[in-house]
There are 2 protein chains.
Amino acid sequence: MPSQRLAAVASSPVRDLLALINRPEIISFAGGLPAPELFDVPAWRAAFDTALSGPAARRHLQYAPTEGDARLRELVAARMTGRALPTGADQLLITTGSQQALALVAAALLDPGAVVAVEQPTYLAALQCFSMAGARLVPITPDDPDSVADVFARERPELLYLVPTFANPTGRTLDAGRRAALVALAERHGVWIVEDDPYGELRYRGAHLTPMAAGSDRVIHLGSLSKIGAPGLRLGWLRTPAALRAALIVAKQAADLHTSTIDQAAAAAYLATADLDAHLARLRAAYRERRDTMLGMLPRIMPAGTRWTDPDGGMFVWVRLPGPADTAAILPRALDHDVAFVPGAPFYATDPDPATLRLSFSSSTPAEITAGMRRLGAAVTAG
Amino acid sequence: MPSQRLAAVASSPVRDLLALINRPEIISFAGGLPAPELFDVPAWRAAFDTALSGPAARRHLQYAPTEGDARLRELVAARMTGRALPTGADQLLITTGSQQALALVAAALLDPGAVVAVEQPTYLAALQCFSMAGARLVPITPDDPDSVADVFARERPELLYLVPTFANPTGRTLDAGRRAALVALAERHGVWIVEDDPYGELRYRGAHLTPMAAGSDRVIHLGSLSKIGAPGLRLGWLRTPAALRAALIVAKQAADLHTSTIDQAAAAAYLATADLDAHLARLRAAYRERRDTMLGMLPRIMPAGTRWTDPDGGMFVWVRLPGPADTAAILPRALDHDVAFVPGAPFYATDPDPATLRLSFSSSTPAEITAGMRRLGAAVTAG
């Protein structure tokens, strides 16, 4: 009864899992949630109050242009420009979270049967979104430009989806050389690159890398307020090549007319008045300690031969257990031990590695991480 | 370069027009905008402040379940139940405006080539949304059940889209007998009905009619806060037959994960504490006077032989000029006279009648309507 496109897509196992594990005694490394205790609640309360004060209040409760709030786009463009990605407000489209940006790209660029190249493993909801559009997913290895060139030539993908900075689920970052090589390949083969960048401001080590979109009009750059501000507002932005702007605006009209006027006005007030850099410094300090705590525990709790990533930023550590392990079978045991994670298989477009799992360190305190990792070790070694 | 599906769909002429006519001297009957001076700004300001106060504030800034805020769903379900549509909270899915509900229905039910039956003329953005999903649109005449039965048998549509109460763009309402006949036909032929009901609470004359969804599990009922509260929040809801619930939730996950947590919490606070019935009484009184002013002016300004609808509620009057008129050609002249309307042709799936036009009376005061209608008359008769 559901459409064929939809019937091919399962509900997100991560979200289904999250719905099940709201027992308070569980320490969860499963979700990719920012730490709620670090939200700047007073600044948000003031920002919404500003947006609903004075003569502009009525405008902020009304229908609004599809492209998004002009002031918010200016503030976001200025921030991008300050981060080595020169951007004008008119290049930006405000989206209802970065997830919607993916859906709009799919609507604007993908006909059924189109090919989408993806890193693997990669962000689960992107895989779902492209699959729902009827696309065929083809994995690439960004570390091996020759193999990417082969895939581009053989499969002729419409687009390449990447989270180049502190990737979900692996935490890995593509270095400047690989970014340049992939952009050059995309330009040569006429492939669009989607550079999904929700985590870029959460760097705990090393220097900022120039976004892939700087200097190439084949790159669609996606940003989000979710990790630097608050995800509950569902506010993201899409920096669009000029050739795609009209198509993306039509897709956005059909999707929801425009993003919440009041949330956009509050976000503009927040970006204009809150000290976002000071807030980000606090976030980075807290998340860095959480990452270090998790990485410090891993060698103590995991069986010999386990490997894991060492992320420079973001929210995730990716773990591979030794031998023919199946983390999906370990999960129920972990829940019995009051700890949660996400099995790795759903993050693969093809040929999943069932011995992998994703751990998020962002939403647990160091003490919770220490306790939760002990529980995880007990669950893994109890098998 | 855009996908084939998207290339087939133009940007909304209504929204493109609205973007052009923000000259303050223009009196606009073009948009379907609620009157901003009637927004209950103090109640909304208090509702957002409540949502961002106390221990729940952090939860209202965080990611949230795809289905929507539990309390908001309970409040909406209770209101529906009180309006002759018995509804449980678990039947509702909160959407980012009613427009998103249309997009989710399209994603969940329509494969490319599917057939969608529509009244004609009907809501433009619904036509766009179904076209973008690759559907073929087939017009029906709800007043003639025999012809609808023929279309159902011949075209085998997946769904029938209707605005049965105070329709956009015509203002017409389907009576109880026609509702029952269409539901019976849909059940017999296995066709889903989408009952889009954004205007139902804006009745200025006559008695409430039972929604088509009452008593039939073939009807997907869509509601919205946009016309009774404020459109800027982009808050709608979809009452789903049990058979479609899982598919619609997967589509919603892919579309934007969930609707703004803070807007949902504020809407719940508003519905729980504001006196919505008193607010609606004020809205109805104001809009009734505006409708009556517009209907009173029409015979004075329009050429002999012009016909128009006499809506029991909603926001729109539909006008047909006599003879072979072309309202699209009249529009530039109207803008020269500082008055705006929407030509009727884009509201047709097939065989547009170029002599039609849509007038909205909701967002102009009676004095503005009187002045604007004089300008419109001058523009129409100047040709």
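Residue numbers here run from 1 along each chain, matching the order of that chain's written sequence. Ligands are numbered from 1 and chains lettered from A, in the order in which they are written. Local features in this predicted model are restricted to residues whose pLDDT is 70 or higher, and side-chain atom pairs enter the listing and the counts only when it is 80 or higher, whereas totals over whole chains, interfaces and linings include all residues. Side-chain calculation: all heavy atoms of the structure are included, whereas hydrogens and water are not.

- Chain A goes by PLP-dependent aminotransferase family protein in an unreviewed UniProt entry, where it is assigned to Actinoplanes oblitus.
- UniProt positions are given in the numbering used here, feature names are shortened, and annotations may be inferred rather than shown by experiment. Turning to chain A, the UniProt annotation filed under Cofactor (unreviewed entry) states: "pyridoxal 5'-phosphate".

Concerning the relation of the copies chain A and chain B
In step 1: Least squares is the method used to superpose the copies, on C-alpha atoms of residues holding a pLDDT of at least 70 in both. When chain A is brought onto chain B, the operation consists of a screw motion whose angular component is 180° and whose axial shift is 0.0 Å, with 0.0 Å RMSD remaining. Such values leave the two copies arranged in the relation of a two-fold axis.
In step 2: By definition in these notes, contact holds between two residues if any of their heavy atoms fall within 4.5 Å. Interface overlap between copies is the fraction of interface residues in one copy that are interface residues in the other; for chain A against chain B it reaches 100%, indicating a shared surface.

Comments concerning the side chain of B:Thr293
In step 1: By secondary structure assignment, the location of B:Thr293 is in helix α12 (residues 276-301).
In step 2: Of the polar contacts made by the side chain of B:Thr293, one reaches the backbone oxygen of B:Glu289; its length is 2.6 Å. Helical segments are the DSSP runs of H or I of at least four residues, strand segments are the runs of E of at least two, and each set is numbered from the N terminus. Between N or O atoms, a polar contact is any pair within 3.5 Å; within protein, one atom must be a potential hydrogen donor and the other a potential acceptor, and residues adjacent in sequence are included only when both atoms are from side chains.

Some thoughts on the side chain of A:Thr327
Residue and element names in this part refer to chain A.
In step 1: Along the chain, the position of Thr327 falls in helix α13 (residues 327-336).
In step 2: Taking relative accessible area as the criterion, Thr327 reaches 1% and is therefore assigned buried.
In step 3: The residues touching Thr327, leaving out its near neighbours within four places in the chain, are Leu321, Phe341, Pro343, Gly344, Pro354, Ala355, Thr356 and Leu357. When accessible area is computed with a 1.4 Å probe and restricted to protein chains, residues below 20% of their type maximum are described as buried, those above 50% as exposed, and intermediate ones as partly exposed.

Examining the interface of chain A and chain B
In step 1: The interface is formed by 76 residues belonging to chain A together with 76 residues belonging to chain B.
In step 2: A buried area of about 6000 Å², summed over both sides, lies between chain A and chain B, and 58% of it is on carbon and sulfur atoms.
In step 3: Salt bridges are defined as contacts in which a side-chain nitrogen from Lys or Arg sits within 4 Å of a carboxyl oxygen from Asp or Glu. Residue A:Arg45 is joined to B:Asp49 by a salt bridge in which the shortest nitrogen-to-oxygen separation is 3.0 Å.
In step 4: Taken together, the links from chain A to chain B amount to 30 residue pairs in polar contact (both at pLDDT 80 or more).
In step 5: Contributing elements (two or more residues each) for the side of chain A that touches chain B: α1 (4-7), α2 (13-20), α3 (41-51), α4 (56-60), α6 (97-109), α7 (124-132), α10 (245-256) and α11 (261-273) of chain A. The quantity reported as buried area is the accessible area (1.4 Å probe) lost by two parts once they are put together, taken as the sum for both.

Some words on the packing of α6(A) against α10(A)
Two numbers describe a pair of packed helices, the interaxial angle and the distance between the axes.
Residue and element names in this part refer to chain A.
In step 1: For every element, the axis is a line fit to its C-alpha atoms; helices are fit only across the contacting stretch, and the angle between N-to-C directions ranges from 0 to 180 degrees. Following both chains from N to C, one finds α6 and α10 inclined at 120°, their axes separated by 9 Å at the closest point. For the element pair α6 and α10, the recorded crossing hand is right-handed. Across the interface between the two elements, Gln100, Leu104, Val105, Ala107 and Ala108 of α6 pack against Ala247, Leu248, Ala251, Lys252, Ala255 and Asp256 of α10.
In step 2: Considered class by class, the residues forming the contact of α6 with α10 number eight nonpolar, one polar and two charged. Throughout, a crossing is termed right-handed when the near helix is turned clockwise from the far one, and left-handed when it is turned anticlockwise from it by less than a right angle. Just so you know the grouping, Ala, Val, Leu, Ile, Met, Phe, Trp, Tyr, Cys and Pro go in nonpolar, Asp, Glu, Lys and Arg go in charged, and all remaining residues, Gly too, go in polar.

Topic: the domain arrangement of chain A
All names here are of chain A.
In step 1: Residue ranges for the domains trace back to a domain assignment, done automatically or taken from a database. Entries for chain A in the domain assignment read domain 1 (4-39 + 277-381) and domain 2 (41-271).
In step 2: The centre of domain 1, based on its C-alpha atoms, is set 24 Å off from the matching centre of domain 2.
In step 3: Contact with domain 1, which involves 36 residues of that partner, is made by 35 residues of domain 2.
In step 4: For the pair domain 1 and domain 2, the summed buried surface comes to about 3100 Å²; carbon and sulfur atoms form 60% of the total.
In step 5: A per-residue breakdown of the area domain 1 buries against domain 2 is headed by Phe39, Asp312 and Phe347, which together make up 20% of the total.

Description of α11(A)
Residues and elements named next belong to chain A.
In step 1: Taking 1.5 Å as the rise per residue, α11 with 13 residues should run 18 Å; its terminal C-alpha atoms sit 18 Å apart, in good agreement.
In step 2: For α11, the buried fraction is high: eleven of the 13 residues fall into the buried class.
In step 3: The set of residues buried in α11 consists of Thr261, Ile262, Asp263, Gln264, Ala265, Ala266, Ala267, Ala268, Ala269, Tyr270 and Leu271. One fewer than the residue count of a helix, multiplied by 1.5 Å, yields its expected span.

A few points about the sheet that holds strand β7 (residues 219-224) of chain A
Residue and element names in this part refer to chain A.
In step 1: Note: two strands are recorded as paired if DSSP finds a minimum of 2 bridges between them. Overall, mixed pairing links the seven strands, which are arranged β2-β8-β7-β6-β5-β3-β4 in an open sheet. For this open sheet the edge positions go to β2 (92-95) and β4 (136-139), each flanked by a neighbour on one side alone. Averaged over all adjacent pairs, the angle separating strand axes in this sheet is 25°, with direction ignored.
In step 2: By the bridge criterion, four bridges tie strand β6 (residues 192-196) to β7 in an arrangement that is parallel. For Ile193, the partnering residue across the bridge sits in β7 and is Val219.
In step 3: Set on the sheet, α6 makes contact with β2, β5 (159-162), β6, β7 and β8 (236-239); between it and β7 the angle comes to about 155°.

With respect to the packing of aromatic side chains
Each aromatic ring pair is specified by the distance between its two centres and by the angle formed by the two planes.
In step 1: Put simply, two rings from Phe, Tyr or Trp (the six-membered ring, in Trp's case) pair if the centres are within 6.5 Å, and we call them stacked under 30 degrees between planes, edge-to-face over 60, tilted for the rest. Inspection of every chain in the model, using the stated rule, returns 13 aromatic pairs over all chains.
In step 2: Taken together, a centroid distance of 3.9 Å and an interplanar angle of 5° make the contact between B:Trp44 and B:Tyr270 stacked. Highlighted residues: B:Trp44 in helix α3 (residues 41-51) and B:Tyr270 in helix α11 (residues 261-273), separated in sequence by 226 residues.
In step 3: With 5.8 Å between their ring centres and 90° between their planes, B:Tyr199 and B:Phe316 make a pair best called edge-to-face. In this pair, B:Tyr199 sits in the loop between β6 (192-196) and β7 (219-224) while B:Phe316 sits in strand β10 (residues 316-320), placing the two residues 117 residues apart along the sequence.
In step 4: Look at B:Tyr199 and you get buried, because its relative accessible area is 4%.
In step 5: Counting every residue linked through ring pairs, the aromatic cluster contains A:Trp318, A:Phe347 and A:Tyr348.
In step 6: Across from the ring centre of A:Trp192, 3.9 Å away, lies the NZ or CZ of A:Arg218, which sits over that ring. Sitting over a ring, as applied to charges here, requires NZ of Lys or CZ of Arg to be within 6 Å of the ring centre and within 35 degrees of the ring normal.

Looking at the UniProt feature "domain: Aminotransferase class I/classII large" (unreviewed entry) in chain A
In step 1: This chain's UniProt record puts "domain: Aminotransferase class I/classII large" (unreviewed entry) on residues 40-376 of chain A.
In step 2: The distance separating the terminal C-alpha atoms of residues 40-376 of chain A is 31 Å; by composition the span is 44% helix and 14% strand.

Examining the pattern of salt bridges
Pairing between side chains becomes possible if they bear opposite charge and their charged atoms approach one another.
In step 1: For the structure shown, the criterion picks out 35 salt bridges over all chains.
In step 2: Residues B:Glu155 and B:Arg154 are paired through a salt bridge, measuring 3.8 Å at the closest nitrogen-oxygen approach.
In step 3: A relative accessible area of 56% places B:Arg154 in the exposed class.
In step 4: Because the salt bridges share partners, they merge into one network encompassing A:Arg79, A:Arg83, A:Glu201, A:Asp277 and A:Arg284.

Considering helix α14 (residues 366-381) of chain B
Residues and elements named next belong to chain B.
In step 1: The terminal C-alpha atoms of α14, which comprises 16 residues, lie 22 Å apart, in line with the 22 Å expected from a rise of 1.5 Å per residue.
In step 2: Turning to α14, its buried residues number three or more, namely Ile369, Gly372, Met373, Leu376, Gly377, Ala379 and Val380. Projected down its long axis, α14 shows its buried positions confined to an angular sector of 160°, all on one face. Facing away from the buried side of α14 by over 90 degrees, the exposed positions are Ala367, Arg374 and Thr381.
In step 3: Packed against the buried residues of α14 are β1 (27-28), α12, α13 (327-336), β11 (339-340) and β13 (356-360). Think of the arc as the fan of directions from the helix axis to the C-beta atoms.

A look at the sheet that holds strand β4 (residues 136-139) of chain B
Residues and elements named next belong to chain B.
In step 1: Spatially, seven strands are ordered β2-β8-β7-β6-β5-β3-β4 in an open sheet, and the strand pairing comes out mixed. Lying at the two open borders of the sheet, with one neighbouring strand each, are β2 (92-95) and β4. For this sheet, the mean inter-axis angle between neighbouring strands, taken without regard to orientation, is 25°.
In step 2: Against the sheet, helix α6 (residues 97-109) makes contact with β2, β5 (159-162), β6, β7 and β8 (236-239), and its axis sits at roughly 155° relative to β7, the strand it touches most.
In step 3: Across the sheet, helix α9 (residues 176-189) is in contact with β5, β6 and β7; its angle to β6 comes to roughly 145°.

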